[in-house]
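The chain contents come next:
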Amino acid sequence: MNIKLLKLSSYALILGVLSSGGVSASSVMASSFHYLDDPSSHLAGQPASDSLPEMGTSAGSTLSVDQEIKMGDFYVRQLRGATPIIDDPLLVEYLNALGQKLVSNAKSVKTLFHFYLVNNTELNAYAFFGGNVVLHSGLFASTDDESQLASVMAHEISHVTQRHLARAMEDQKKNSPMTWAGAFGAILLATASPQAGMAALTSTLAGSQQGMISFTQANEQEADRMGIQVLQHAGFNPQAMPLFLQKLADKSSFSSKPPEMLLTHPLPESRLADMRNRANQMPTVSRASSLDFMLAKARVLTMYSENPTAADEYLRTLSTGSANEKLAADYGYAVQYYQAKNYHDAEALIQKLLAAAPQNPWFLDLATDTDIAQQKAERAVERLEAVKAATKNNPVLILNLANAEIESGMYMKAGPLLDNYTFAHPAEPNGWEMLRKVEAMEGNRSKELAAWAESRALRGDLDEAIKLLTQASAMVTKGSLEQERYSARMDQFKDLQKTFKNYK
């Protein structure tokens with residue numbers, strides 16, 4: 001399913017600057033129209049917490065886990081509103097599945113985790129309040145295999161579980177209580193005025209920068225040591241971590257501008273040597289990259305990269321490999337044909353892919369897009385209904401079916417499907433945008449406005465969300481259940497506004 005990107009800003013860069021102090025904590029999904037904003041409800045089913053290593057403080061005296069959850073909710077909404085997040089259902093599903101596999105093998109996990117992909121060719125990754133881990137799309141071009149990508153994610157997960165940002169705040173509070181408050185304010189300022197935000201951040205941190213640099217190195221080493229254990233326990237090759245760090249060092253040596261990741265994650269020789277030593281003491285793991293990793297990399301390089309040469313080289317390499325690699329190569333070539341509007345050749349490869357794996361979401365998604373592009377959406381609906389997309393509980397297939405139904409004019413079928421989807425996936429923006437479109441086509445103006453309000457709230461614009469719900473409430477029968485729901489949701493947004501004022 002094609003996804004439009006938001007305009008690039010410096011928000012991710014500034015968060016990356018903050019992450020050089022190590023980043024932290026837990027996470028909460030943005031609440032839906034159907035759910036109360038109760039962070040405690042998001043902790044169900046999480047692994048029991050282990051005690052933190054003695055090398056670090058719990059940081060509880062400065063910032064509680066509950067506070068981090070609320071701050072995470074605030075910052076992720078700001079991130080959505082200011083950064084080109086790739087809300088591609090296939091890539092979102094893949095990264096979160098890989099991330100959860102790693103999280104399930106980590107210690108001291110206290111809250112949920114969420115993983116985001118930003119359309120940025122700069123090599124970087126960072127985490128921030130609320131267990132939110134952000135990866136730049138450039139990582140796919142720079143990681144040779146799935147274990148290397150997992151090593152980056154395990155490192156960021158360890159920043160979170162070790163509560164590095166909260167610990168940094170506790171340490172800085174002793175010397176300069178206003179430093180961190182000013183830094184967070186500068187981040188928000190940057191979403192509206194990048195130059196002003198960067199200037200404010202530079203001024204705020206100038207007096208304590210040296211102390212933060214030394215603290216950074218300790219945090220990076222701790223995240224490495226915890227991360228490589230997570231990597232090993234999850235079944236990935238522990239050698240991938242020093243191999244990727246060496247790749248970063250090589251890029252720095254042969255370039256006048258070091259990779260952005262090295263600006264936010266310092267890499268002294270001692271850190272690289274420590275990782276080599278630790279990896280050498282662990283059993284060597286021979287693990288081939290999953291088909292999903294290869295499909296994800298092919299999709300990123302062909303759909304979200306401005307370097308066609310990199311995509312061509314990767315697909316040529318895959319085409320001479322194993323059966324799975326050849327499937328991934330055919331998928332990448334099919335995407336290229338689709339992008340070039342060469343639907344005839346795209347269809348030929350898609351049929352070959354579906355013959356090999358008829359229920360593969362990556363192949364079904366591309367088949368749906370190709371059908372819709374040729375105004376054959378009904379064919380996509382039939383195909384998706386044949387694999388029971390509506391009952392598979394796979395977000396990718398459900399969104400594809402809803403999209404195909406919308407393009408076929410089947411609004412009566414798409415509406416209930418999207419109602420259920422947004423209930424189950426309240427923080428997924430595609431569902432709300434598609435539901436908004438359905439309600440508009442059906443002439444349900446109040447419901448259209450309500451869906452639009454949810455979409456705006458996910459991007460941090462609570463004022464606009466409340467305004468839209470106010471309009472929706474005025475359109476329905478006074479005292480009706482629908483009006484009560486709109487009023488209750490407005491109250492929730494207003495409560496969020498009060499909470500979020502503490503972080504501005």
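Enquirer: Would you mind going over the overall build of the protein with me for this structure?
Expert: A tally of helices and strands in the protein yields 24 helices and three strands. When the 504 residues of the protein are sorted by exposure, 56% land in the buried category. Considering only contacts within the protein whose residues lie at least 6 apart along the sequence, 72% involve residues at least 24 apart. Surface exposure of the protein reaches about 20900 Å², of which carbon and sulfur atoms provide 51%.

Enquirer: Explain unusual backbone geometry here, please?
Expert: Negative phi values dominate among residues other than glycine, just as trans dominates among peptide bonds. Of note, the phi angle at serine 108 is positive, near 60 degrees, even though the residue is not glycine. Topologically, serine 108 is positioned in the loop between helix H3 (89-103) and strand S1 (114-118).

Enquirer: When you look at the pattern of salt bridges in this model, what are you seeing that I'm missing?
Expert: Between side chains of opposite charge, pairing is possible as soon as their charged atoms come close. Enumeration over the complete set of coordinates arrives at 18 salt bridges. Taking the shortest distance from any N to any O, the salt bridge between arginine 383 and aspartate 371 comes out at 2.8 Å. With arginine 383 in helix H18 (residues 377-386) and aspartate 371 in helix H17 (residues 361-373), the pair connects residues that are twelve residues apart, well separated along the chain. Here the two residues arginine 383 and aspartate 371 agree in accessibility, since each one is buried. Close ionic contact of aspartate 461 with arginine 456 constitutes a salt bridge, the shortest N to O distance being 3.6 Å.

Enquirer: Just to check I follow, could you spell out the packing of aromatic side chains for this structure?
Expert: Pairs of aromatic rings are described using the distance from one ring centre to the other and the angle between the two planes. What the rule picks out here adds up to seven aromatic pairs. Relative to phenylalanine 293, the ring of phenylalanine 140 has its centre 6.3 Å away and its plane inclined at 25 degrees; by these criteria the two rings are stacked. With a gap of 153 residues between them, phenylalanine 140 in helix H4 (residues 138-142) and phenylalanine 293 in helix H13 (residues 291-303) connect regions that are remote in the sequence. This pair shows no difference in class: phenylalanine 140 is buried, exactly as phenylalanine 293 is. Taking NZ or CZ as reference, arginine 287 lies 4.0 Å from the ring centre of phenylalanine 236, over its face.

Enquirer: How should I be thinking about the sheet that holds S1 in this particular structure?
Expert: Note: strands within a sheet are paired through backbone hydrogen bonds, in either parallel or antiparallel orientation. Taken in spatial order, the three strands make up an open sheet running S1-S3-S2, and their pairing is mixed. At either end of the open sheet lies a strand with only one pairing partner, and these are S1 and strand S2 (125-128). If you compare each strand with its neighbour and ignore which way they point, the axes differ by 20 degrees on average. With four bridges connecting them, S2 and strand S3 (residues 132-136) associate as antiparallel partners. Residue alanine 127 lies in a different strand from S3, and its bridge partner there is valine 133. Against the sheet, H3 touches S1 and S3, its axis set at about 135 degrees to S1.

Enquirer: Hey, could you run me through the environment of alanine 240 in this one?
Expert: Tracing the backbone shows alanine 240 in helix H10 (residues 240-253). Each C-alpha atom, one on alanine 240 and one on aspartate 145, is 8.5 Å from the other, the two residues being 95 residues apart in sequence. Ignoring anything within four residues of it in the chain, the contact list for alanine 240 reads Ser147, Gln148, Ser151 and Leu231.

Enquirer: What exactly am I supposed to notice about the packing of H17 against H18 here?
Expert: The description of two helices packed together rests on the angle between their axes and the distance between the axes. Between H17 and H18, the least distance of the axes is 7 Å, while the angle of their chain directions is 155 degrees. With respect to their mutual orientation, H17 and H18 come out roughly antiparallel. Here H17 and H18 pass one another in a crossing that is left-handed. Residues Leu364, Ala367, Thr368, Asp371 and Ile372 of H17 form the contact with H18, whose own contacting residues are Ala377, Arg379, Ala380, Arg383 and Leu384.

Enquirer: How should I be thinking about the confidence of the model for the protein in this particular structure?
Expert: Parts of the model with low pLDDT should not have their predicted coordinates read in detail. Residues at a pLDDT of 70 or more form 74% of the protein, whose mean pLDDT is 80. Under a pLDDT of 50 for its full length, residues 184-215 has, in the predicted model, 47 contacts with residues more than four places off or in other chains. Counted against residues more than four places away or in other chains, residues 258-264, with its pLDDT under 50, gives 28 contacts.

Enquirer: Honestly, the packing of H3 against H13 in this entry has me stumped. Any pointers?
Expert: Between H3 and H13, the shortest axis-to-axis distance is 10 Å and the interhelical angle comes to 140 degrees. Between H3 and H13, the interaxial angle falls into the category oblique. Crossing handedness for the pair H3 and H13: left-handed. In contact with Leu90, Leu91 and Tyr94 of H3, H13 contributes Asp292, Phe293, Ala296, Arg299 and Val300. Broken down by class, the residue content of the contact of H3 with H13 amounts to six nonpolar, no polar and two charged.

Rules of the game
- Residues numbered from 1 in each chain as written.
- Predicted model: local features only at pLDDT ≥ 70, side-chain atom pairs only at ≥ 80, totals over all residues.
- Heavy atoms only, no water.
- Helix = DSSP H or I, 4+ residues; strand = E, 2+ residues; numbered from the N terminus.
- Buried < 20%, exposed > 50% of the residue type's maximum accessible area, 1.4 Å probe, protein only.
- Contact = heavy atoms within 4.5 Å.
- Areas by Shrake-Rupley, 256 points an atom, 1.4 Å probe, with all protein chains shown as cover.
- Salt bridge = Lys/Arg side-chain N within 4 Å of Asp/Glu carboxyl O.
- Phe/Tyr/Trp six-rings, centres within 6.5 Å; stacked < 30°, edge-to-face > 60°.
- Lys NZ or Arg CZ within 6 Å of the ring centre and 35° of its normal.
- Pairing = 2+ DSSP bridges.
- Axes fitted to C-alpha atoms, helices over the stretch in contact; angles between N-to-C directions.
- Parallel < 35°, antiparallel > 145°, perpendicular 65-115°, else oblique.
- Left-handed = near helix turned anticlockwise from the far one by under 90°.
- pLDDT = per-residue confidence, 0-100.
- Nonpolar A, V, L, I, M, F, W, Y, C, P; charged D, E, K, R; others polar.

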